[in-house]
Each structure stands twice: as C-alpha cells, then as structure tokens.
Amino acid sequence: MRHFIDLLDWNGEQILKLLKEAARIKKGLLKGKHKPILEGRVLGMIFEKPSLRTRVSFQAGMAQLGGGAIFLNGAEVGLGNRESLPDIARTVCEYVDAIVLRTFLHENVVEFARWASKPVINGLSDYHHPCQALGDLLTIRETFGDLEGRTIVFVGDGNNVARSLAIAAGKVGARFILSAPEAYRFDQPFLEMYQTHVRGQLDEIADPAKAVANADVIYTDVWASMGQESEAKVRAEHFEAYQVNAELLKAAPEHARVMHCLPAHRGEEITDDVLDGPHSLAFPQAGNRMHAQKALLIWAMGG
Ligand code: CP
Ligand code: NVA
C-alpha cells in the first residue's frame, strides 16, 4: 500500500524522482496542458485542525488531475469519538481512492493507515509534515538547482515541519542545521530515528547568527504550533533571540533565501520586511505544495 506517513522509508532517489515529476507537472500546467490522469478518482480529506494551503492545494490538485475531493471536518466525523478510528478508516476506504489525514497525534495517522485499504497521506500531524517537506525541496531545487550539498538552516522550534524537512534534506544529501533554544531542540527519539533511517548531515547550532553563516536557505515556522496555543507566551520569551529579521540576514551569505511554511505570525518568528522582501520564497513555496502533491497523488493512486 502506498501510504505517505513520514518519509523515513523513502530513499533519496525516490524523492528526487518525485520532484522531477512535480517539476514536469508544474511546467505542463504553466503551458496549459492538463492531463486528466486521475479521472474518476476521489480523494477523502479528514482534517482535525485548520488549514489553508494543505486543503486547497490537495483539492485544486485533484481537480486539475481530473479527479475530485471530499473534505471532512474531523469534528464532524468524530474521529475516535463518534466512531472508532479503525471503523472510520475501513468505512471511508469503501468510497474513496486515497485519504489525506490531518490530525493531532501522529499515532492516529499510523493507526488509520493500519486499517485503511487505500493509500493514506499524512497532511500534518504533531510529529511530521512530510507533504510540506516535498514542496520545500521542490522550491529549493527550483531556486538553486541541485539539492546535494545545500545548507538549510531552520531557525526556530524543532517541530513537525523541522523534523520532516531534516529527514527529506538528509535523504537528498543536503545539510540541515537546527538553531533553537535548548528546550526546543530535536527530541532524543527523533535523533535515534534519524540515525537509523537517514544518517545525513544534521547539526544543531544554538546561536542563530553562527548557524546561518553558510546558509543557502534560512527556514522558520511559528514558535507555537497548532495545539500548543496555551504555551505561546512562554515560547515567545524563549524564542525572542530567534526571530528571522534583517539583522539575521546580514549574518548570512547574500545569496541565502528565506522560507516559511506559513501561516506566519508576523512580528514573532519573522518580520514583515523579510517575509515580503526580495529574499523570501514563501509564496512560490506555498504554490509548490500543490505541484509536489500532484506528483504524490499520482504515485499513490497509480495514475
Ligand atoms: N503549511 C501548511 O501546511 O499550511 P496549512 O496549515 O494552511 O495547510
Ligand atoms: N508547525 C505548524 C505548521 C503549520 C503548517 C503547526 O503544526 O501548527
């Protein structure tokens, strides 16, 4: 079954192949060529958390490929509440050809996939955000050419986005540096998982100015993720020195580009002038979510 849960079982070659396909699809779209390659296919989308990019990029992507999508609010479905997760997974697979699941507990995605008879795509969990990582690598590849040997510096929380990007980067030979306050660095289980499944170049440098000295990409994300709202105030204090702003950009090479998965908390992890400035890739990066996911949908549903 072609589940897409966390990228740990993908190798660099598979990722690069998918990115090439995504770039080809994007080019075709720009030329106005639409192939209804997923005609008659339906994507189920169960979301327990809010979303703009993931939801719209999957729905638009399916429409462009000739298929359809059904959006289901997690609360309405009553995930594990109105009905058990295995019952929902088995039922929904009777109707659709693949499912995107956005949920709090990563274990829910794993459990859902265990019961699903159709491919399950992780549309973000508290631990991984692999669809984001695919779109991000597509953006870096588009901007710099080769991914191998590039340095991606993530300034901020060692969260779902950071974990998935670290995994993806390591698989394609890019160096990943996390610059975070001590309490927000990568957790031990993740580091062990990384050693077993990735073994790339992964470093942690606490001082953000030192961390970005050789950066090709400076990446950031919110300091408090969805579900961590009650920690926002404390986190804002801990992360104060980790804002991506004009001063930090001065410590990086001139060619460095800034990325953000969005949504951004402007004035917290990133300033307006940087997010809207000439170094920012954030909006084409958001667009690339769709192109990468179209390649992923074709992979998952077999064309
Ligand atoms: N980057 C991202 O996943 O955005 P949404 O939460 O809006 O889907
Ligand atoms: N780390 C953020 C990413 C949102 C796309 C969150 O989980 O809320």
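Residues numbered from 1 in each chain as written. Chains lettered and ligands numbered in written order. Predicted model: local features only at pLDDT ≥ 70, side-chain atom pairs only at ≥ 80, totals over all residues. Heavy atoms only, no water.

Chemist: What exactly am I supposed to notice about the overall build of the protein chain here?
Modeler: Per the secondary structure count, the protein chain includes 13 helices and 9 strands. Taken over the C-alpha trace, the protein chain has a radius of gyration of 19 Å; the compact-globule value for 303 residues is 19 Å, and the two agree within 12%. Taken over the C-alpha atoms alone, the protein chain extends approximately 55 × 45 × 35 Å along its principal axes. When the 303 residues of the protein chain are sorted by exposure, 54% land in the buried category. Considering only contacts within the protein chain whose residues lie at least 6 apart along the sequence, 74% involve residues at least 24 apart. (Helix = DSSP H or I, 4+ residues; strand = E, 2+ residues; numbered from the N terminus. Rg over C-alpha atoms; globule rule 2.2 N^0.38 Å. Buried < 20%, exposed > 50% of the residue type's maximum accessible area, 1.4 Å probe, protein only. Contact = heavy atoms within 4.5 Å.)

Chemist: Any chance you could explain the site of ligand 2 here in plain terms?
Modeler: Close to ligand 2 lie Leu124, Asn159, Asn160, Val161, Asp221, Ser225, Met226 and Leu262, which account for all nearby residues. Between ligand 2 and the protein, one listed contact pairs a nitrogen atom with a side-chain N or O atom of Asn159 at 3.3 Å. At 2.6 Å, a side-chain N or O of Asp221 approaches a nitrogen atom of ligand 2. Here ligand 2 has 270 Å² of accessible area as a free molecule, and 95% of this is covered by the chains. Broken down by class, the residue content of the shell around ligand 2 amounts to 4 nonpolar, 3 polar and 1 charged. (Near = heavy atom within 4 Å. Polar contact = N/O pair within 3.5 Å; in protein donor to acceptor, adjacent residues only side chain to side chain. Areas by Shrake-Rupley, 256 points an atom, 1.4 Å probe, with all protein chains shown as cover. Nonpolar A, V, L, I, M, F, W, Y, C, P; charged D, E, K, R; others polar.)

Chemist: Just to check I follow, could you spell out the sheet that holds strand S1 (residues 42-47) for this structure?
Modeler: As a general point, the strands of a sheet are linked pairwise by backbone hydrogen bonds and lie either parallel or antiparallel. On the basis of which strands lie adjacent, the open sheet formed by 4 strands has the order S2-S1-S3-S4 and parallel pairing. At either margin of the open sheet sits one strand with a lone partner, and together these are strand S2 (68-73) and strand S4 (120-122). On average, adjacent strands in this sheet sit at an angle of 20 degrees to one another, irrespective of strand direction. One ladder, built from 5 bridges, connects S1 with strand S3 (residues 98-102); its direction is parallel. Note on S3: the bridge partner recorded for Gly44 is Ile99. Packed on one face of the sheet, helix H5 (residues 106-115) meets S1, S3 and S4 and runs near 170 degrees to S4. (Pairing = 2+ DSSP bridges. Axes fitted to C-alpha atoms, helices over the stretch in contact; angles between N-to-C directions.)

Chemist: Is there a simple way to explain the site of ligand 1 in this structure?
Modeler: Every residue lining ligand 1 is accounted for by Ser51, Leu52, Arg53, Thr54, Arg102, His129, Gln132, Cys261, Leu262 and Arg289. At a separation of 2.6 Å, an oxygen atom of ligand 1 approaches a polar side-chain atom of Ser51. A distance of 2.9 Å is found between an oxygen atom of ligand 1 and a side-chain nitrogen or oxygen belonging to Arg102. In isolation ligand 1 has 260 Å² of accessible area, and contact with the protein removes 96% of it. Each residue belonging to the shell around ligand 1 can be placed in one class, and the counts come to 3 nonpolar, 4 polar and 3 charged.

Chemist: Which parts of the structure should I look at to understand the sheet that holds strand S5 (residues 151-155)?
Modeler: Within the open sheet, the 5 strands sit side by side as S7-S6-S5-S8-S9. Their pairing is parallel. Single-partner strands in this sheet number two, and they are strand S7 (202-204) and strand S9 (257-260). Here the strands of the sheet are splayed against their neighbours by 20 degrees on average, with no regard to which way each runs.

Chemist: How should I be thinking about the side chain of Ser164 in this particular structure?
Modeler: Relative to the helices and strands, Ser164 is located in helix H7 (residues 160-171). Classification of Ser164 as buried rests on a relative accessible area of 0%. Setting aside anything within four residues of it in sequence, one finds Ser164 in contact with Leu7, His128, His129, Pro130 and Ala133.

Chemist: In this structure, what is going on with the pattern of salt bridges? I would like to understand it.
Modeler: Side chains that differ in charge, positive against negative, can pair when their charged atoms come close. Evaluation of the coordinates by the stated rule reveals 14 salt bridges. Between Glu111 and Arg114 there is a salt bridge; the shortest N-O distance is 2.5 Å. With a gap of 3 residues between them, Glu111 and Arg114 both fall in helix H5, about one helical turn apart. Owing to a relative accessible area of 22%, Glu111 belongs among the partly exposed residues under this scheme. Lys210 is paired through a salt bridge with Asp207; the nearest N and O atoms lie 4.0 Å apart. For Asp207, a relative accessible area of 33% puts it in the partly exposed group. In the salt-bridge network here, residues are joined through shared partners; they are Glu107, Glu111 and Arg114. (Salt bridge = Lys/Arg side-chain N within 4 Å of Asp/Glu carboxyl O.)

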